[in-house]
Amino acid sequence: MNPPLIQYLSDISFEPGALKILPDLLRRLSILNPLVVTDRGLSSMGILERLGIATPPVFDQVETNPSDASANLGLEIFRKHNCDGIIAVGGGSPIDCAKCIGLLVNHPAPLSDYTFLNGGLSKITGNKPPLIAIPTTAGTGTEVGRAALVSMSNGRKLAIISPHMIPNAVICDPSLTLGLPKALTAGTGMDAIAHCVETYCSPRFNPVAEAIALDGLARAFANIRVAVNRGANLNARGEMMMAALQGGLTFQKGLGLVHSLSHPLGGLQERRLHHGTLNAIFLPHVLRFNLEAIPEKMVRLAQAVGAAAPSDIPGVFEKLSSEIGLPSRLRDMGVMREDLDPLAEFALQDHSSPTNPRLVTQAVCKQMYDDAF
């Protein structure tokens, strides 16, 4: 019996053990020779043997915060083996890298031409090989997202955004997250929470997405501690994977200042900073900044996380991050003060800044970095 099918932006097969449908899914999408994109950690843990397909070509050199260079390397392997589709297995980095590899198959390089800041939205077409996304973390939501975040050779972490970047099909198998370490469970879980909070707070009109975001937030908040501290609890793992998926389904509303601040730090190649952990640090600061701009929405957020009043929400998230073992300061992640000097300008230019509910300026971004340091 096949797992339940959710049709929203992608076809999503969601349940423990759903990975078993991959061979049938490849046939349905007419993929005969897929390139598997993953990372070395997953590759060494035997993820390829679990896919149930015979010795596919593999690109497993994806780093944390994937770069345009890694996308080009993956493209070389795709072409060398005459692949006709892509299977992305992993967290946000392999899936985003796979999206970029697929884009470059029939769109001329360089990849930077397709970033949102360079007018890439109008340049991206549907002329791409089919992509199947199989998340092994519960946080990014990129398996159903229309964006890929890439660290460019100039040190900027930029977004490539288009409906054509959404994977054709998704397999969400919560059992694939059972071996996730505590710190990664916590960081990716807070990424999902930040997505739900920021998309809900975005001023764009989309009540459907707002309802999904609120449900995802409540689901994640209720289960993240269990997922971190009792990692073999499949129910909690499934709830976190659903919350991550829900956060991804709401990306069309736009994010906000939390992500504007995180993205430039993700571009620091020498630091390799985890995106979700950065979001956890910035979230309380941004919520304090936005508090008075959206009073009615803050009431709903307070209800979703059990806060006594909207003014208590930032403290609730600070307490949660502490309980699940995440740092509260950028310096605790190895960030140096001089790393922050040029970043306020980049944060203001980020594609997430326009959908923050309160006007963002470069001075605000600098103050946020200082407060979070």
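Residues numbered from 1 in each chain as written. Predicted model: local features only at pLDDT ≥ 70, side-chain atom pairs only at ≥ 80, totals over all residues. Heavy atoms only, no water.

**Some words on the pattern of salt bridges**
Opposite charge on two side chains allows them to pair when their charged atoms are near. Summed over the entire model, instances satisfying the criterion amount to 13 salt bridges. Between D11 and R28 there is a salt bridge, with the nearest N and O atoms lying 3.7 Å from each other. With D11 in strand β2 (residues 11-14) and R28 in helix α1 (residues 22-28), this residue pair connects regions lying 17 residues apart in the sequence. Here R219 makes a salt bridge to E239, at a shortest N to O gap of 3.2 Å. Residue R219 is located in helix α6 (residues 207-229), and its partner E239 is located in helix α7 (residues 234-249); the two are separated by 20 residues in the primary sequence. (Salt bridge = Lys/Arg side-chain N within 4 Å of Asp/Glu carboxyl O. Helix = DSSP H or I, 4+ residues; strand = E, 2+ residues; numbered from the N terminus.)

**Some words on the environment of V150**
Locating V150 in the fold gives a position in strand β7 (residues 147-151). Sequence separation of V150 and D68 is 82 residues, and the distance between their C-alpha atoms is 6.4 Å. Dropping the residues within four chain positions of it, V150 is found in contact with P66, S67, D68, C100, L111, R156, K157, L158 and I160. (Contact = heavy atoms within 4.5 Å.)

**Considerations on the environment of A222**
Looking at where A222 falls in the secondary structure, it is placed in helix α6. For A222, a relative accessible area of 57% puts it in the exposed group. Sequence-wise, A222 and E338 are 116 residues apart; in three dimensions their C-alpha atoms are separated by 38 Å. (Buried < 20%, exposed > 50% of the residue type's maximum accessible area, 1.4 Å probe, protein only.)

**Structural notes on a nonpolar patch on the surface**
On the surface, F116, L117 and L121 cluster together to form a nonpolar patch covering roughly 260 Å² of accessible area. Secondary-structure assignment places L121 in the loop between α4 (92-106) and β6 (131-135). Overall, the relative accessible area of 43% leaves L121 in the partly exposed class. (Patch = residues over 30% accessible without salt bridge, like charges linked within 9 Å, V, L, I, M, F, W, Y side chains within 5 Å. Areas by Shrake-Rupley, 256 points an atom, 1.4 Å probe, with all protein chains shown as cover.)

**Overview of the packing of helix α5 (residues 182-201) against α7**
In contact at an axis separation of 8 Å, α5 and α7 are set at 40 degrees when each is read in the N-to-C sense. With respect to each other, α5 and α7 are oriented oblique. The crossing of α5 and α7 is left-handed. Together, T185, G189, A192, H195 and C196 of α5 and R237, M240, A243, A244 and G247 of α7 make up the contact between the two elements. Partitioning the contact of α5 with α7 into residue classes produces 5 nonpolar, 4 polar and 1 charged. (Axes fitted to C-alpha atoms, helices over the stretch in contact; angles between N-to-C directions. Parallel < 35°, antiparallel > 145°, perpendicular 65-115°, else oblique. Left-handed = near helix turned anticlockwise from the far one by under 90°. Nonpolar A, V, L, I, M, F, W, Y, C, P; charged D, E, K, R; others polar.)

**Quick notes on the nonpolar core**
Formed by 73 residues in total, the largest nonpolar core has its most connected members in M190, I193, L265, L301, F317 and L330. Leave out the neighbours within four places in its chain, and L265 touches L273, L278, F282, L330, V335, L340, L343 and Y369. (Core = buried A, V, L, I, M, F, W, Y, C linked by side-chain atoms within 4.5 Å.)

**Regarding the packing of aromatic side chains**
All told, the structure shown has 2 aromatic pairs when counted by the stated rule. Aromatic side chains F221 and F317 sit 6.2 Å apart centroid to centroid with 90 degrees between the ring planes, which places their arrangement in the edge-to-face category. Placement of the pair is F221 in helix α6 and F317 in helix α11 (residues 313-323), with a sequence separation of 96 residues. For F317, a relative accessible area of 2% corresponds to the buried category. Both rings, one in F282 and one in Y369, keep their centres 5.8 Å apart while their planes meet at 75 degrees; by these two values the pair is edge-to-face. Taken together, the residues span a long stretch of sequence, with F282 in helix α9 (residues 275-290) and Y369 in helix α14 (residues 362-372) at a distance of 87 residues. The burial state of F282 is the same as that of Y369; both residues are buried. (Phe/Tyr/Trp six-rings, centres within 6.5 Å; stacked < 30°, edge-to-face > 60°.)

**Concerning unusual backbone geometry**
The peptide bond linking A109 to P110 adopts the cis configuration, its omega dihedral lying at 10 degrees. The backbone phi angle of T55 is positive, close to 25 degrees, even though this residue is not glycine. Note on placement: T55 falls in the loop between α2 (40-44) and β4 (58-59). Looking at T55, the relative accessible area reads 77%, which means it is exposed. We note that R272 has phi near 50 degrees; this positive angle belongs to a residue other than glycine. Summarising the element assignment, R272 is placed in the loop between α8 (257-266) and α9. Owing to a relative accessible area of 34%, R272 belongs among the partly exposed residues under this scheme.

**Here's the deal with the environment of K123**
Position of K123 among the secondary structure elements: in the loop between α4 and β6. Measuring from C-alpha to C-alpha, the distance between K123 and S162 comes to 9.2 Å, with 39 residues separating the pair along the chain. Setting aside residues no more than four positions away along its own chain, K123 makes contact with H107, D113, Y114 and N118. Only 3.2 Å separates the side chain of K123 from the backbone oxygen of N118, close enough to count as a polar contact. (Polar contact = N/O pair within 3.5 Å; in protein donor to acceptor, adjacent residues only side chain to side chain.)

**What about the pairing of β2?**
Of the two faces of β2, the one holding D11 and S13 and the one holding I12 and F14 are both buried throughout. Here 4 bridges tie β2 to strand β9 (residues 169-172), and the two strands are oriented parallel to one another. In the strand pairing of β9, F14 is matched with C172. (Pairing = 2+ DSSP bridges.)

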